[in-house]
Amino acid sequence: MTVPAPLRSRAIRLYKELLFLGRDYPHPQGFPWFRARLKRAFQGKASLTDPVEIEKALAHADYVKREIEALYSLRKYRTMQRRYGSAWDDTLPAALKELHRDP
């Protein structure tokens, strides 16, 4: 049984988006490390043929993509906080202030 074309194109699109996001991934070994891990993760799921299982794998990849985007947003926010301090903090909505609370 082959993989339906919409699922295949969605998987390729997600792979490319994650690869693009991985350029700035904060790891000591940088992008080559991220690319190798991403490739291994996608190759591990390459043998799936059941559309339900493929949907689950794609949903997980989408979740990982959103988490990476959140990581980058938080890093950007913390940089702005360090750079501009309380003047920057006064202009932020309350929801973002809740995210930045120190533990």
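Below you will find a few notes about this structure.

Conventions adopted
Residues numbered from 1 in each chain as written. Predicted model: local features only at pLDDT ≥ 70, side-chain atom pairs only at ≥ 80, totals over all residues. Heavy atoms only, no water. Helix = DSSP H or I, 4+ residues; strand = E, 2+ residues; numbered from the N terminus. Polar contact = N/O pair within 3.5 Å; in protein donor to acceptor, adjacent residues only side chain to side chain. Contact = heavy atoms within 4.5 Å. Expected span 1.5 Å × (residues − 1). Buried < 20%, exposed > 50% of the residue type's maximum accessible area, 1.4 Å probe, protein only. Arc of directions from axis to C-beta. Phe/Tyr/Trp six-rings, centres within 6.5 Å; stacked < 30°, edge-to-face > 60°. Core = buried A, V, L, I, M, F, W, Y, C linked by side-chain atoms within 4.5 Å.

Thoughts on the side chain of Lys 65
Structurally, Lys 65 is set in helix H3 (residues 51-89). Engagement of the side chain of Lys 65 in a polar contact is seen with the side chain of Glu 17, the distance being 2.8 Å. Residue contacts for Lys 65: discarding those within four places in its chain leaves Leu 14, Glu 17, Leu 18 and Leu 21.

Things to note about helix H1 (residues 5-21)
The end-to-end C-alpha separation of H1 is 24 Å, in line with the 24 Å expected for 17 residues at 1.5 Å each. Those residues of H1 not exposed but buried are Leu 7, Leu 14, Leu 18 and Leu 21. One face of H1 carries all of its buried residues, which in axial projection span an arc of 60°. In H1, the exposed residues that point more than 90 degrees away from the buried face are Ala 5, Arg 8, Lys 16 and Phe 20.

Comments concerning the packing of aromatic side chains
Summed over all chains, the structure comprises three aromatic pairs. Here Tyr 25 and Trp 33 contribute two aromatic rings whose centre-to-centre distance is 5.9 Å and whose plane-to-plane angle is 20°, an arrangement assigned as stacked. When the ring of Tyr 25 is compared with that of Phe 34, the centres are 5.1 Å apart and the planes differ by 40°; the resulting orientation is tilted. On the basis of relative accessible area, Tyr 25 is assigned to the partly exposed category, the value being 26%. The exposure class of Phe 34 is buried, given its relative accessible area of 8%. An aromatic cluster is built from Tyr 25, Trp 33 and Phe 34, whose rings are joined through pairwise contacts.

Section: the nonpolar core
In this structure, Leu 7, Leu 14, Leu 18, Leu 21, Phe 34, Leu 38, Ile 54, Leu 58, Ala 61, Ile 68 and Tyr 72 together form the largest nonpolar core, which totals eleven residues. Where this core is concerned, the elements lending two or more residues are H1, helix H2 (30-44) and H3. Per-element accounting of this core gives the leading share, five residues, to H3. Apart from residues lying up to four places away in sequence, Ala 61 is in contact with Leu 14, Leu 18 and Phe 42.

Read these as geometric descriptors, not functional statements.
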